[in-house]
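Structural overview
Residue strings, one per chain:
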Amino acid sequence: MDALKEQLRAIVGRDGLLVEPDELLVYECDGLTHYKARPRAVVFPRTTGEVSEVVRVLSRAGVSFAPRGAGTGLSGGALATDGGIVVELARMRRLLKLDVENRLAVVETGLVNAQLSRAAAPFRLHYAPDPSSQATCTIGGNIAENAGGIHCLKYGTTVDHVLAARVVLAGGEVVDLSAEDEGEGLDLLGVFVGSEGTFGIATEATLKLTPLAPATRTLLADFRDVNEASQAVSAIIASGLIPAALEMIDGATIRAVEASVFAAGLPLDAEAALLVELDGLEAGLDEDADLCAAICLRHGARQVRRARDEYERKRLWAARKGAFGAMGRISPDLMLQDAVVPRSRLPEVLAHIYRIAHERRLRIANVFHAGDGNLHPFICFDARDADEVARVHEAGREIMQTCVRAGGTITGEHGVGLDKSAYLPLVFSDDDLDAMLRLRSAFDPSGLCNPGKIIPAPPGCGEARAVVNAKHQTRRHTDAERQPELQQTLNDAPARSSSSTFNPSGSTLFSAVSTAERRVDAPSPPSASQTRRLRAAFAEIVGEEHVGEVIFDAERRALSVEPASAEEAAEVLRLASSANLKVMPAGGCTWLEALRPSAPVDVLLKTSRMARLLEHEPADLVATAQAGLTLDALNAELAHHQQWLPLDPPDDGRSTLGGIAATGLAGAHAFAYAAPRSHVLGMRVALADGRIIKTGGRVVKNVAGYDMPKLFVGSYGTLGLILEATFKLRPRPAREATIVAQAAAPSSLIDAGQALLDASLAPVALELLSPPLALALGLEAEAGAQSHALLVRFAGNEKTVEYQLKCTRDYLSEQAGINFAETLMDDSHLWRSLAAAPLQTSSALIWRARARPARLGLLLASLKSDKGDAHDALLASLWHASLGDGRLRVIAPKNPDLAVHVDTLRRLRDASHQTGVHLALEQAPPELKHDFDATGVESPTARLAVRVKQRLDPHATFWKR
C-alpha cells in the first residue's frame, strides 16, 4: 500500500491524496448515511490524463475504485466498499467552453450543476436537469445517476441533455462517447449515463443548453384529500397539457416546510398541494393555466392561486426543494424512498403506502414528482429504537413491492447503488440481470470499477464466475432437451465456424477473452439439401406458409422466417444458434436494400406477424406494442385519444416500430420531439440463444439497472431481436401549420431560420430543402427554377400557433432575399412526403451528415464551392437539412456519377475530426460501404463496441453491419 500511495502522489501531487483516517471520515458515506465504508485513500486528479494514470496504476495493482462527485447521492453509490480508493473529481470543475451559437457547453464533470445555468443565464440559456441538490451536486454525479429533477417532466432527464462524454475505463483507457452519430454504431453514451460509476469515470461532458422560456405561470392548488390531488394529476396529463413541472406535497410535509426557513405561505390545513408550472410563449399560456386550474377545481381543489411575480414563484419552488431539509422537524431520522408508478395508479398506490405506515405504526410524509409518478415517501423514525428500525425496513420493502405490482419500478432518480440492489429481482429476472452483467463486463472486464453496486459482483471472484458458468451450461442442456425432434436436423446442419461449441467463458462477467475475439473461418453457404432440412425445421415452429426465401442479390439469398409470437421467435433463434446460422432481424424491410450485409446471412427473421398494440393508458401517455406494428397503425389507434408517437424517420407507411427502434433514425421533427432513443422506455428482446430479456420498464422515469433499451435502439438488430417496445407518447397538438418560404440563395433562408430561433418562436421543425426536393414535394418554385425552400412548422394551442405564424410572416415579408412565403394549414401530407423521400427513390447513394447547427451553412457552402461536376451533382441532389439541430440528408440523383459523390464524401470524412461533422452512409454500393466501414476500427470506442457485441452475442449469431 505504501508503494501504491507513492505512485498516486507522483501523479496528483502530495496535496492530491488523502490517507489519514480522520481525513477519510468525510468520504465513508454519501447523502444516504445508512451505509458507510471507509476508503483506503482518496485521490484528487485535476485532468483526464491524471484520472487515466490513476486508474491504470490501480488496475495494475488490482485495487478497486469508486468515482465520486459532491457526495449528494442517496443510494450509497459513491462508497469504496471493499477497501478501495475513492477517485474524487471535485477539482475538475472548469467550464471549458460555452458555445452560445450552438447552445452547448463543454465542462469538466466536477462542475456544480447550478453553476452551469448561472454561466449560461446572460445568454437566456440554461441547463435543464435540475435535481433538488443542484446547488451542490456535480455534472458527473448527474451523469452517473441519470438525474432528473423537478422540470424533467417536460424537458427530460440528464441522458436527454448529454451530447458527448469523455470516459476513462477501468484499465485507464480513454474513450469518447457520442450521441450525435445517431444510427451509426451502438449508443454507448446512452447506456453509460445512469451506470452509477460501474462502467468508468466521465471526466468531460458536452451538454445541451436549453433556451429559457419567455414566460411562466406557476400555480398552487390545495386539496382536502391526497386522493383528489392524485386524480387531478392524471387529469392534467390526460387533458393534453405538458407542464414544465407538476409536484405534490402532502399535509405532513406542508406543515414541516411552513415551520422551517423555507416557509412560502402554504395552507397549513391542506392535506395535499399541487405545485404546477407551465412555460412557453406568452401567447396562449394563460389559456393553458386556466385549463389547469379548472381541472384542479373539478377534482376537489379548494383554491388555485397563481404566483404573482418571480419572487413568489421562487419562494414556492424553494419550499418544494427545501422539503427534505425541513423533514428533520418531524423526526430525528428519515428513510427516503424513491420509486415510480404509472400516473394513473397514483391514487391507489398512495393509499396503500399510507396503509403500510398505519399497519407498521410509522409516520410517512410524501413529497414527489407527481407528473411522472416518481414517489418520494419519507419514513420517519428514531434510529435508537431497534424495533422501529426493523419496521422501517419492512415498510420500505413493502412500498417497493407495491410500486412494482402497480407496473412501476424501484427507483426513478436516486439509483440502485448499495441501497436497492436487493430489490432488483422484484423488477428483473435472472436472465435480465445476466444480460446487464455481460454489458458491465464489456466496459469493465476486470471488475474493479465501483464493485458491489447495482448488481453486486465481487471483483475476481472465482466462486461467482463458476456459478455463472454452471448456470449457462445447465440452460444450454435444457434448451436442447426441449426440442429433441429438431436435434437430428441440427446435427445435419452446416458447420459455420471453427468455434461452434458453446464456450461459457465468453459470457461470464469477468471474461478476458470471448469466442468472438478469435479469428473465425469464413463460412460456406448451406447446401441445397441442408437448406431444405433447415426450412422444414423452421416450418415446424412457425408453419410452412411462413417460411420463404429472400434474395439479396444474384449470389446471396436467405430463408425468411415469420414467427407469430415471442415464444416462436425464441425457438427460431435457438435453432439458428445451435445450427450456427447467421440471423438478420427485419420489420417492414424498408432498409433491406440499403443494409445489404457484406457477410452471408442465412435467416431473415421478420416480425411482421407480431403487430398488436398490447397496452395503452391515455392518462399515462405510454403505449406498449409488438415490434411488427407499423408507426402509422399505432398512431391511428392513439389518435382516438388525441395522442401520438411523434417520430418521423424515413418512412413511406411500411416502417415498423421495431425497425424504427432498431435503426434509431430521426426525422425533421426530432429538433423539437427528440429521436427514437428518447421515446423508448422499455423493451422485450430475444437474445441469440433464445432467451427473452426485459429491459427498461413501463414508466417515464426509471433508473433501475442499466438503461439497456438505449443499447438496442440504433443497433440494427446486431445484438438481439426486438419483440416489443414501450413508448413515451405526447398529446396531439390542437393545431399544426407550416410556413413555406422560398429563395434562390440558401444563405438567406439559413439566416432567416436562425433569426426565428433567436426570437424564441419555438418551431417544432425548421427544414431547408434543395430545389429538386422542393419540386418533388409539389412546392411551386415561384422564385425561380432553382428555388430552395424553408419549411417552418408550429404546433400547439390555437392562440400560440396563430401568434407564431404572424410573427414569422411579418419577419419573412421584410427579408429582401426571400421572394415568396405561404402558410399551409393542412400540412400533414407535406411532412409525410418529406419523411418518405429516401424510400421512394431508386438512387444508389443516400448519405447523411450532422454538424453543429451554426456550422450547417458552412457545410452546405463548402459542398457547393466545388467547381464543375461536384457542384452540379449537389445541385441535382435531393437534400434537406434541419437548421435546428444540424442534420443533413442527401439523396443522389438516379444513376449518379458515383466518382464525384465519393470524392466529396471522402473529403468530408477525412476532415470530420476538424469540422466536427458526423458522416454516415444510408445506402451505397458495397465497395463504398466497405471503404467507409473500414475506418476507425482501431479506436478505443470502436473496440468497446466490439466487446459489447461479443458479450451479448458471443457466437456472432446476429449479423454484423
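The model shown is predicted, which means the values in this text are computed figures rather than measured ones.

Topic: the overall build of the protein
Broken down by element type, the protein carries 34 helices and 39 strands. By the burial criterion, 61% of the 961 residues in the protein qualify as buried. Intrachain contacts of the protein at a sequence separation of at least 6 include 74% that bridge at least 24 residues. Of the accessible surface of the protein, which amounts to about 35,400 Å², a share of 51% is contributed by carbon and sulfur atoms.

Description of the pattern of salt bridges
Under the definition given, this model contains 54 salt bridges. Put simply, Arg-302 and Asp-269 hold a salt bridge, and the shortest N to O gap is 2.9 Å. Placement of Arg-302 in strand β15 (residues 301-306) and of Asp-269 in the loop between α9 (251-258) and β14 (272-280) is noted, with a sequence separation of 33 residues between them. The exposure class assigned to Arg-302 is partly exposed, which follows from its relative accessible area of 30%.

Some words on the sheet that holds strand β35 (residues 820-824)
Strand order in the open sheet formed by eight strands is β35-β32-β34-β33-β37-β38-β36-β39, and the pairing between neighbours is antiparallel. For this open sheet the edge positions go to β35 and β39 (918-923), each flanked by a neighbour on one side alone. Direction aside, the axes of adjacent strands within the sheet are offset by 15° on average. Sheet topology note: the strand β32 (residues 735-743)/β35 ladder contains five bridges and is antiparallel. Among the inter-strand pairings, Ile-739 is bridged to a residue of β35, identified as Thr-823. Running at roughly 20° to strand β34 (residues 788-796), helix α25 (residues 746-758) makes contact with β32, β33 (765-769) and β34 of the sheet. In the packing of helix α29 (residues 856-864) onto the sheet, the strands contacted are β33, β34, β36 (846-850), β37 (878-882) and β38 (887-891), and the crossing angle to β38 comes to about 25°.

Looking at the sheet that holds strand β5 (residues 95-99)
Sheets are built from strands paired through backbone hydrogen bonds, the pairs being either parallel or antiparallel. As summarised here, the arrangement of the five strands in space is β5-β6-β10-β8-β9, forming an open sheet in which the pairing is antiparallel. Single-partner strands in this sheet number two, and they are β5 and β9 (174-178). Sheet twist, expressed as the average angle between the axes of neighbouring strands with direction ignored, equals 10°. Pairing geometry for strand β6 (residues 104-108) and strand β10 (residues 201-208), over five bridges, is antiparallel. Bridge pairing in β10 places Ala-105 opposite Leu-207.

Notes on the packing of α25 against helix α27 (residues 798-813)
Two numbers describe how α25 lies on α27: the axes approach to 11 Å, and their chain directions differ by 140°. With respect to α27, the axis of α25 lies oblique. α27 is crossed by α25, and the crossing has right-handed handedness. Each of Asp-751, Ala-752, Ala-755 and Leu-756 in α25 lies in contact with α27, whose residues at this interface are Thr-808, Tyr-811 and Leu-812.

Quick look at the confidence of the model for the protein
Averaged over the protein, the pLDDT score is 89; the fraction of residues at 70 or greater is 90%. Confidence over residues 459-522 falls short of pLDDT 50; this stretch has 109 contacts with residues more than four positions distant or in other chains.

Some thoughts on the side chain of Thr-411
With respect to the helices, strands and loops of the structure, Thr-411 is situated in the loop between α14 (386-405) and α15 (424-427). Looking at Thr-411, the relative accessible area reads 0%, which means it is buried. Only 2.5 Å separates the side chain of Thr-411 from the side chain of Asp-338, close enough to count as a polar contact. A polar atom in the side chain of Thr-411 sits 3.5 Å from the backbone nitrogen of His-414. Not counting chain neighbours up to four residues away, the residues in contact with Thr-411 comprise Asp-338, Ala-339, Val-340, Val-416, Lys-420, Asn-702, Val-703 and Ala-704.

Some points on the packing of helix α8 (residues 226-238) against helix α10 (residues 285-298)
Contact geometry of α8 with α10 gives a least axis separation of 9 Å together with a crossing angle of 145°. For the crossing formed where α8 meets α10, the hand is right-handed. Residue-level inspection shows Ala-232, Ala-235 and Ile-236 of α8 in contact with α10, the latter providing Cys-292, Ile-295 and Cys-296. Grouping the amino acids of the contact of α8 with α10 by side-chain chemistry returns six nonpolar, no polar and no charged.

With respect to the packing of aromatic side chains
Considering all chains together, one arrives at five aromatic pairs under this definition. Ring plane angle 40° and centroid distance 4.5 Å describe the contact between Phe-199 and Tyr-706, whose orientation is recorded as tilted. Taken together, the residues span a long stretch of sequence, with Phe-199 in the loop between α7 (188-192) and β10 and Tyr-706 in the loop between β29 (692-696) and α24 (708-712) at a distance of 507 residues. Taking the relative accessible area as the measure of exposure, Phe-199 reaches 0% and is therefore buried.

What about the nonpolar core?
One finds Leu-274 and Phe-443 to be the most contacted residues of the largest nonpolar core, which totals 124 residues. Not counting residues within four places of it along the chain, the set of residues in contact with Phe-443 comprises Leu-169, Ala-170, Leu-188, Val-191, Phe-192, Phe-199, Leu-944 and Val-948. One finds Leu-845, Leu-860, Leu-874 and Phe-932 within the second-largest nonpolar core, a separate group that totals 42 residues.

Quick look at the environment of Pro-129
By secondary structure assignment, the location of Pro-129 is in the loop between β7 (125-126) and α5 (139-145). Apart from the residues lying within four places of it in its own chain, the contact partners of Pro-129 are Asn-113, Gln-134, Gly-148, Thr-157, Thr-158 and His-161.

Some details on unusual backbone geometry
With a phi angle near 45°, Asn-450 is a residue other than glycine that sits in the positive phi range. Take Asn-450: it is sitting in the loop between α16 (430-443) and α17 (462-481). Take Asn-450: its relative accessible area is 1%, and that puts it in the buried class. Located in the positive-phi region is Gln-642, a residue other than glycine, with phi close to 55°. Mapped onto the secondary structure, Gln-642 falls in the loop between α21 (631-638) and β27 (643-644).

What about helix α13 (residues 346-359)?
Look at α13: 20 Å from first C-alpha to last across 14 residues, which is about the 20 Å you get at 1.5 Å a residue. The complete set of buried residues in α13 reads Leu-346, Pro-347, Val-349, Leu-350, Ile-353, Ile-356 and Ala-357. Where α13 is buried, its residues touch α8, β13 (245-250), β18 (363-368), β19 (374-375), β20 (377-381) and α14. Positive backbone phi, at 55°, marks Arg-361, one or two positions downstream of α13.

Procedures and definitions
Residues numbered from 1 in each chain as written. Predicted model: local features only at pLDDT ≥ 70, side-chain atom pairs only at ≥ 80, totals over all residues. Heavy atoms only, no water. Helix = DSSP H or I, 4+ residues; strand = E, 2+ residues; numbered from the N terminus. Buried < 20%, exposed > 50% of the residue type's maximum accessible area, 1.4 Å probe, protein only. Contact = heavy atoms within 4.5 Å. Areas by Shrake-Rupley, 256 points an atom, 1.4 Å probe, with all protein chains shown as cover. Salt bridge = Lys/Arg side-chain N within 4 Å of Asp/Glu carboxyl O. Pairing = 2+ DSSP bridges. Axes fitted to C-alpha atoms, helices over the stretch in contact; angles between N-to-C directions. Parallel < 35°, antiparallel > 145°, perpendicular 65-115°, else oblique. Left-handed = near helix turned anticlockwise from the far one by under 90°. pLDDT = per-residue confidence, 0-100. Polar contact = N/O pair within 3.5 Å; in protein donor to acceptor, adjacent residues only side chain to side chain. Nonpolar A, V, L, I, M, F, W, Y, C, P; charged D, E, K, R; others polar. Phe/Tyr/Trp six-rings, centres within 6.5 Å; stacked < 30°, edge-to-face > 60°. Core = buried A, V, L, I, M, F, W, Y, C linked by side-chain atoms within 4.5 Å. Expected span 1.5 Å × (residues − 1).

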